[in-house]
2 protein chains.
Amino acid sequence: MANDKKVEAITSMEEDFAQWYTDVVLKADLTGYTSVKGFMVLKPAGYAIWELIQKQLDERFKATGVENVYLPLMIPESLLEKEKDHVEGFAPEVAWVTYGGSNKLQERMCVRPTSETLFCDFYQKDITSYRDLPKVYNQWCSVVRWEKETRPFLRSREFLWQEGHTAHATAEEAQARTEQMLNVYADFCEEVLAIPMIKGQKTEKEKFAGAIATYTIEALMHDGKALQSGTSHNFGDGFAHAFGVQYTDKDNTLKFVHQTSWGVTTRLIGAVIMVHGDNNGLVLPPKVAPTQVMIIPIQQKKEGVLAAADQLEEKLSAVARVKVDRTDKSPGFKFAEQEMRGIPLRIEVGPRDLENGEAVVVRRDNGEKQTVKLDQLEELIPALLDTIQKDMLEKARAHRDAHTYPAENYEEFKDIIENRPGFIKAMWCGERACEDAIKEETGATARCMPFEQEHIADTCVYCGKPAKKMVYFGRAY
Amino acid sequence: MANDKKVEAITSMEEDFAQWYTDVVLKADLTGYTSVKGFMVLKPAGYAIWELIQKQLDERFKATGVENVYLPLMIPESLLEKEKDHVEGFAPEVAWVTYGGSNKLQERMCVRPTSETLFCDFYQKDITSYRDLPKVYNQWCSVVRWEKETRPFLRSREFLWQEGHTAHATAEEAQARTEQMLNVYADFCEEVLAIPMIKGQKTEKEKFAGAIATYTIEALMHDGKALQSGTSHNFGDGFAHAFGVQYTDKDNTLKFVHQTSWGVTTRLIGAVIMVHGDNNGLVLPPKVAPTQVMIIPIQQKKEGVLAAADQLEEKLSAVARVKVDRTDKSPGFKFAEQEMRGIPLRIEVGPRDLENGEAVVVRRDNGEKQTVKLDQLEELIPALLDTIQKDMLEKARAHRDAHTYPAENYEEFKDIIENRPGFIKAMWCGERACEDAIKEETGATARCMPFEQEHIADTCVYCGKPAKKMVYFGRAY
């Protein structure tokens, strides 16, 4: 059957990881093309993954008291400019609207690159008393950043995301919410996307424009590069001062609110591809697989085969997302297609299987085959999907741990970065100069100062002065 | 208790319907303000209604084979210009992006006012063979139209919607899909929003820019004005010719596809407000009520009252969307707030009720009160919500029917339009001149040529020539 596969066109990951990625994205039918340069198209197979991410993340948000809202797509220039650091961070990459119909706008507006300024403007009008707090709002939308180089899911001029924006009475509450949402993200990525995350704080250099602290979850891709997968920011009361967001407290004094924001994007789909994919294509964790089981009839023209496949689909639909491939393609072609699309399980049913009251079940993640009695499938399939979900997380964790290296000194650091792509754990003095030099000389950036600190050495890996923090470094997407 | 109500600030609908509408939208906390003129903010209570609309409509779409996708937010000017009628219809009201960061764009792009041109561009690249057809794609997104006068939900510079765009092998299939989606909309509005719809075809004058036929669902608001609530367009192969969207058929010849598009917007929320609302505020049909039952404790500081309310909430959460109002406001204030927000049922529980093992249940739609044994609530509440849903539809239908008037001649027509706001059923010769004159002289537009034709007279209501069609006329939002 192997010769019948139609996967020749896909580049192997070992040969050229970037080309492998592009091949998978296109051949698994996740994205398509339009004439709009640098903008992404999500085809049904890609958008359905995003829908599953949205649904499961939104449930987790709501369980913590988040409420969804929708704010305008456009931001007047004067609003964007109110917070100094923020405008410096974003102004170079926004798209400007200058005309409405044939009339030049009195004030130009940017298409939102992120909505801190809008939420502040809104909160300034909506919050008056301590009774109005906390506000724990979120919106699902798209944002625009005028990137020069783009890659599907990883970097594009428009991407889909959610952005949470909260306002609190106290600094402690804002800090607690910032950490809470980072944990929601990390748990979601582990439990749903089967991707283990390093949780930590960004350095001053890498933090968000306008934040007092940025927290991040960082994942390791199959090629040893890091991917920032979600961030959560504590703004303190900086934006509140800039926008005058105040409330009357119980003691009748006027106070500034403390704010946070946090977001994840369609980039998570890029992470799923690059953590779990293989040379046969995409491998989807069952919890975000739009189709979890593909039933493939063998010799489908023989009497009873298609009917049996249909019956099986109906029965199994109660326990999983199941489809039958009824096209007139060859079984081998169908196998290759199901593998390319990353569908976690396939069930092969042919005349001989049916005679024996059996079917062949094949796992996408490790290729394991088993012959199963038809009347046991209803029990087996959900259990097998659970097993796959767990095994994929463990495999990803093992890969990450095997590609995480401590570096005690700069020689080791440089050797690792050149020869063993992965995370580097190293000590840092806390000085921006060292961070800059490391980036300049090796291309590695400080991914985060992890919450789980370890002692690798006493001194900074670059300058040799006393170390303050253990940092994860890596080349990143 | 009535004196305790806090609804004084709301204008009565009889006094000033437009002001009543604005009051409800704000006091039911559906929308809020930002500094972005003409753009809408959906606050949690408003967005949650949209989420319920989305969920239930999306399920109905998917049951007919629709797949969701996402296409770019921006359209290069050259793409928008490819279909002549279409660009003429939309160019005057689009927002133009001219700069990306500090660089002037080589070609300006508009923020999508609708995505026919993008889907054509995409389909042109994605469709090659009859095997690729049909394409039945939809996207949930926002669109921008640079309106001069705006009103929340009814007309704003940005609104949320879904836009379906399909491509078919034959003209017959495209026509069938156009009608199918109109029926999905009409059924959804009746069954979920409790709003009866008139289904019909738009006149040439009122049809969509670029379509060969536009179908519409039209509803009657409480003030007797019509609201176009959803449209479905058949494009024939016009766009396909303009964009070169072709496929190789089974007979190996190259053919043009036939296309449709269809959409509904957040305007549906405006319809819900104006069909069902009353002088106490919003009245939500249970199926789109984010909270269906509000439990209001009476004398909540007395021992056992709040605990009983909490228990009730937990028990009833299995059968409905239930909340307890635990704030320290007075019961009368809570009643008024629950009514303003349109929550279909409230349950009052006080010490005396609890002693008797009872609670008082009050319907929002008609004010009916009943005392119910606590152990019967689990059965009663879902049944009562069903009843309310049905009663609200019947009430809306009765109102519409009572405000739909046949006009045999122009004198009658003018008399009705001045004195009895509602739909006018009248005969029409099919000439644009008569339609224009009626609009000019009375402000009434042809809402649609209904599928269910009636014979009102032999001659056109305006010119007296032989009539071709019965038309619904009305002043509209």
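Residues numbered from 1 in each chain as written. Chains lettered and ligands numbered in written order. Predicted model: local features only at pLDDT ≥ 70, side-chain atom pairs only at ≥ 80, totals over all residues. Heavy atoms only, no water.

Chemist: Help me get a handle on the overall build of chain A, residues and values and all.
Modeler: From N to C terminus, chain A includes 14 helices and 21 strands. Its C-alpha radius of gyration of 25 Å places chain A within 12% of the 23 Å reference for a compact globule of 477 residues. Projected onto its principal axes, the C-alpha positions of chain A cover 80 × 55 × 50 Å. Within the span of chain A, comprising 477 residues, buried residues form 58% of the whole. Put simply, 68% of the contacts in chain A that link residues at least 6 apart link residues at least 24 apart. Of the roughly 19,300 Å² of accessible surface on chain A, 46% is carried by carbon and sulfur atoms. (Helix = DSSP H or I, 4+ residues; strand = E, 2+ residues; numbered from the N terminus. Rg over C-alpha atoms; globule rule 2.2 N^0.38 Å. Buried < 20%, exposed > 50% of the residue type's maximum accessible area, 1.4 Å probe, protein only. Contact = heavy atoms within 4.5 Å. Areas by Shrake-Rupley, 256 points an atom, 1.4 Å probe, with all protein chains shown as cover.)

Chemist: Summarise the sheet that holds strand 13 (residues 293–297) of chain A; cite the residues concerned and give the values.
Modeler: By way of backbone hydrogen bonds, the strands of a sheet pair with one another, either parallel or antiparallel. Residues and elements named next belong to chain A. Read across the sheet, five strands follow the order 14-13-15-16-17 without closing on themselves; strand pairing throughout is mixed. Edge positions in the open sheet fall to strand 14 (322–324) and strand 17 (369–373), since each of these has one partner strand only. On average, each strand axis in the sheet is tilted by 25 degrees relative to the strand beside it, whichever way the strands run. Lying on the sheet, helix 12 (residues 377–402) is in contact with strand 13, strand 15 (345–349), strand 16 (358–363) and strand 17; it crosses strand 16 at an angle near 10 degrees. (Pairing = 2+ DSSP bridges. Axes fitted to C-alpha atoms, helices over the stretch in contact; angles between N-to-C directions.)

Chemist: Go over the environment of Glu313(A), please, and point to the residues and values.
Modeler: Residues and elements named next belong to chain A. Relative to the helices and strands, Glu313 is located in helix 9 (residues 305–316). For Glu313, a relative accessible area of 18% translates into the label buried. Linking Glu313 and Ile295, residues 18 residues apart in sequence, is a C-alpha distance of 7.4 Å. For Glu313, the contacting residues outside a window of four places in its chain are Ile295, Val322, Lys323, Val324 and Arg326.

Chemist: Break down helix 13 (residues 410–419) of chain A for me, citing the residues and quoting the values.
Modeler: Residue and element names in this part refer to chain A. Taken residue by residue, helix 13 has Tyr410, Phe413, Ile416 and Ile417 as its buried positions. Viewed along the axis of helix 13, the buried residues span an arc of 125 degrees, placing them on a single side of the element. Counted as exposed and oriented over 90 degrees from the buried face of helix 13: Glu411, Glu418 and Asn419. Check the buried side of helix 13 and you find it contacts strand 18 (404–406), strand 19 (423–428), helix 14 (432–442) and strand 21 (469–474). Its side-chain oxygen placed 3.2 Å from the backbone nitrogen of Glu411, Asn409 serves as the N-cap of helix 13. (Arc of directions from axis to C-beta. Polar contact = N/O pair within 3.5 Å; in protein donor to acceptor, adjacent residues only side chain to side chain.)

Chemist: With reference to specific residues and values, describe helix 6 (residues 171–191) of chain B.
Modeler: Its 21 residues give helix 6 of chain B an end-to-end C-alpha distance of 30 Å, which sits within 8% of 30 Å, the value for a rise of 1.5 Å per residue. Within the sequence span of helix 6 of chain B, burial applies to Ala174(B), Arg177(B), Thr178(B), Met181(B), Leu182(B), Val184(B), Tyr185(B), Ala186(B), Phe188(B) and Cys189(B). (Expected span 1.5 Å × (residues − 1).)

Chemist: Explain the sheet that holds strand 8 (residues 213–220) of chain B residue by residue, including any values.
Modeler: Residue and element names in this part refer to chain B. Pairing in this open sheet of eleven strands is mixed, and the strands run 1-5-6-12-9-8-7-20-21-19-18 from one edge to the other. Either end of the sheet is taken by a strand with one partner, and the two such strands are strand 1 (67–68) and strand 18 (404–406). The pairing of strand 19 (residues 423–428) with strand 21 (residues 469–474) spans five bridges and is classified as antiparallel. Residue pairing across strands places Met427 opposite Met470, the latter belonging to strand 21. Against the sheet, helix 6 contacts strand 5 (135–144), strand 6 (158–168), strand 7 (198–201), strand 8, strand 9 (226–236) and strand 12 (258–265), and its axis sits at roughly 10 degrees relative to strand 12. Across the sheet, helix 14 (residues 432–442) touches strand 19, strand 20 (445–450) and strand 21, and the angle it forms with strand 19 is around 150 degrees.

Chemist: An account of the nonpolar core is requested, with residue identities and associated values reported.
Modeler: Proteins that are soluble and globular tend to have nonpolar side chains buried together. One finds Met74(A), Leu193(A), Ile273(A), Met74(B), Leu193(B) and Ile273(B) to be the most contacted residues of the largest nonpolar core, which totals 206 residues. When residues in this core are grouped by element, the largest group, eight residues, is from helix 2 (residues 44–63) of chain A. In this structure, Ala309(B), Leu316(B), Leu377(B) and Met392(B) belong to the second largest nonpolar core, which totals 24 residues. (Core = buried A, V, L, I, M, F, W, Y, C linked by side-chain atoms within 4.5 Å.)

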